[in-house]
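Inside the fold
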Amino acid sequence: MMKSIKDRKIVTPCNGCTLCCKNDAVRIYDFEDASQWKTEPHFLYPNERMLAHKSNHDCYYLGENGCTIQETKPYMCKTGDCRLLTLKVSFDEAKESKRINFYVWKKGQQLLKKTDKKTLKQLKKIAKG
Ligand code: SF4
Ligand code: SF4
């Protein structure tokens, strides 16, 4: 598996932001035990599961003070970083694609401007795959 931001010990500066936990699709990977979470069929990939949502489209595990399952959240949550999305996807693609949360893409763009050079270099390497 390609090195993730977790492997490289890069901290995503969310600072209370929970955009990724709203109206998004947290996919459960094959190497994870989906039975430990409340899930539902993935809206794009019917044979796969994603974390369940509340009626307002927030993640089922989003509480008043953020994620309620920090230690056991899925791999995608542990390795997600909006800056990577922004590095991988163009503005036009992000705007038009139904698969991409444009607000998350924009947040990534904001954070990239404040990211130090060393981290930026590492993120670009990860984004290249
Ligand atoms: S949009 Fe960025 S800052 Fe906000 S929760 Fe997602 S990764 Fe964190
Ligand atoms: S599990 Fe936690 S981090 Fe992942 S989307 Fe849900 S609330 Fe957010």
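For the structure itself, consult the block above.
Residues numbered from 1 in each chain as written. Chains lettered and ligands numbered in written order. Predicted model: local features only at pLDDT ≥ 70, side-chain atom pairs only at ≥ 80, totals over all residues.

This next bit is on the overall build of the protein. Helices and strands together make up the secondary structure of the protein, namely 5 helices and 4 strands. From first element to last, N terminus to C terminus, the protein shows the α and β order β-β-β-β-α-α-α-α-α. On C-alpha atoms alone, the protein measures out to a radius of gyration of 15 Å, which is about the 14 Å that the 2.2 N^0.38 rule sets for 129 residues. For the protein, the spread of C-alpha atoms along the three principal axes comes to 40 × 30 × 30 Å. (Helix = DSSP H or I, 4+ residues; strand = E, 2+ residues; numbered from the N terminus. Rg over C-alpha atoms; globule rule 2.2 N^0.38 Å.)

To continue, consider helix H4 (residues 102-113). For H4, spanning 12 residues, the distance from its first C-alpha to its last is 17 Å, which sits close to the expected 16 Å at 1.5 Å a residue. Taken as a whole, H4 has its buried residues at Val104, Trp105 and Gly108. Seen end-on, H4 carries its buried residues on one side only, within an arc spanning 100°. Exposed residues lying more than 90 degrees from the buried face of H4 are Gln110 and Lys113. Along its buried surface, H4 packs onto helix H2 (82-88) and helix H3 (91-96). (Expected span 1.5 Å × (residues − 1). Buried ≥ 20, exposed ≤ 12 C-beta atoms within 10 Å, placed from the backbone. Arc of directions from axis to C-beta. Contact = placed C-beta atoms within 7 Å.)

With respect to spatial proximity, the complete set of residues near ligand 1 consists of Thr12, Cys14, Cys17, Thr18, Leu19, Cys20, Gly80, Asp81, Cys82, Val104 and Lys107. Here the shell around ligand 1 is built from residues that sort into 6 nonpolar, 3 polar and 2 charged. (Near = placed C-beta within 6 Å. Nonpolar A, V, L, I, M, F, W, Y, C, P; charged D, E, K, R; others polar.)

Moving on to the nonpolar core. Across soluble globular proteins, nonpolar side chains have a tendency to be buried as a group. If you look at the biggest cluster of nonpolar residues, it comprises 17 residues, and the most contacted ones within it are Leu51, Cys59, Cys82, Leu85, Val104 and Trp105. Looking at this core, the elements with two or more residues in it are strand E2 (49-51), H2, H4 and helix H5 (117-128). The greatest single-element share of this core, amounting to 3 residues, is contributed by H2. For Trp105, the residues in contact, after removing those within four places along its chain, are Cys82, Leu85, Thr86, Val89, Ala94 and Ile100. (Core = buried A, V, L, I, M, F, W, Y, C linked by C-beta atoms within 7 Å.)

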